[in-house]
Amino acid sequence: MPEPVPVVDLQGVRPSLVQLTHFIYGLHAIAVLVGVTSAATIAGGFVFGLPSLCAVFLNYLKRGDVTGTWLETHFRWQIRTFWFTLLWLVVYGLLVITIIGIPVAWVVIVILGCWVAYRVFRGWAALFGVRPVG
């Protein structure tokens, strides 16, 4: 006789919202993958790539549905990752237009790419563990 499948306690959150959050992390992960495998940087692919833009749009669209739940931390995590990445891309752009700042800009873009990948995969791992992130 097969063993019963354990039911995961979603702590009062609708399963469809958890699935949506997985989908959003998947979109962000695709943007990171595009940045790794193309001429774009990870950060550039993350901020300007269509998958990530759609993901942030969904974050803002559905943010009210997760207010007061553990998923709220994931939405905040994803939105902040997007906006901080954009901010640091502006810093990178300002550095790269100066001759003196170019070496620093290269360091910034590499660290930023690693940070973005870390944020996406750490957040997604927390979601798989059915726990808040942050």
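Data block above holds the structure.
Keep in mind that what you see is a predicted model, and the values were worked out from it rather than measured. (Residues numbered from 1 in each chain as written. Predicted model: local features only at pLDDT ≥ 70, side-chain atom pairs only at ≥ 80, totals over all residues. Heavy atoms only, no water.)

**Q** Which parts of the structure should I look at to understand the overall build of the protein chain?
**A** A count of helices and strands for the protein chain gives 5 helices and 0 strands. In sequence order, the protein chain lays out its α and β elements as α-α-α-α-α. Expressed as lengths along the three principal axes of its C-alpha atoms, the size of the protein chain is roughly 70 × 35 × 25 Å. Looking at the protein chain as a whole, 42% of its 134 residues are labelled buried. Partitioning the intrachain contacts of the protein chain with sequence separation of at least 6 by distance along the chain shows that 71% fall at a separation of at least 24. A total of about 7,900 Å² of accessible surface is found on the protein chain, and carbon and sulfur atoms cover 74% of it. (Helix = DSSP H or I, 4+ residues; strand = E, 2+ residues; numbered from the N terminus. Buried < 20%, exposed > 50% of the residue type's maximum accessible area, 1.4 Å probe, protein only. Contact = heavy atoms within 4.5 Å. Areas by Shrake-Rupley, 256 points an atom, 1.4 Å probe, with all protein chains shown as cover.)

**Q** Just checking my understanding: could you explain the packing of helix H4 (residues 71–96) against helix H5 (residues 102–128) for this structure?
**A** When two helices pack together, their arrangement is given by the angle between the helix axes and the distance between those axes. One can describe the packing of H4 onto H5 by two numbers: an axis separation of 9 Å at closest approach and a directional angle of 170°. Taken together, H4 and H5 sit at an angle that is classed as roughly antiparallel. Here the residues of the contact of H4 with H5 sort into 18 nonpolar, 4 polar and 3 charged. (Axes fitted to C-alpha atoms, helices over the stretch in contact; angles between N-to-C directions. Parallel < 35°, antiparallel > 145°, perpendicular 65-115°, else oblique. Nonpolar A, V, L, I, M, F, W, Y, C, P; charged D, E, K, R; others polar.)

**Q** Mind showing me how you'd approach H5 here?
**A** Taking 1.5 Å per residue as the helical rise, H5 with its 27 residues ought to reach 39 Å, and the 39 Å between its terminal C-alpha atoms agrees with that figure. Where H5 ends, the next residue or the one after it, Val 130, has phi of about 50°, a positive value. (Expected span 1.5 Å × (residues − 1).)

**Q** Teacher, can you tell me more about a nonpolar patch on the surface here?
**A** A cluster of nonpolar side chains, contributed by Val 90, Leu 94, Val 96, Ile 97, Ile 102 and Trp 106, occupies part of the molecular surface with about 570 Å² of accessible area. Looking at the nonpolar patch, the elements with two or more residues in it are H4 and H5. Broken down by element, the residue count for the nonpolar patch peaks at 3 residues, all from H4. Within the secondary structure, Ile 97 sits in the loop between H4 and H5. (Patch = residues over 30% accessible without salt bridge, like charges linked within 9 Å, V, L, I, M, F, W, Y side chains within 5 Å. Salt bridge = Lys/Arg side-chain N within 4 Å of Asp/Glu carboxyl O.)

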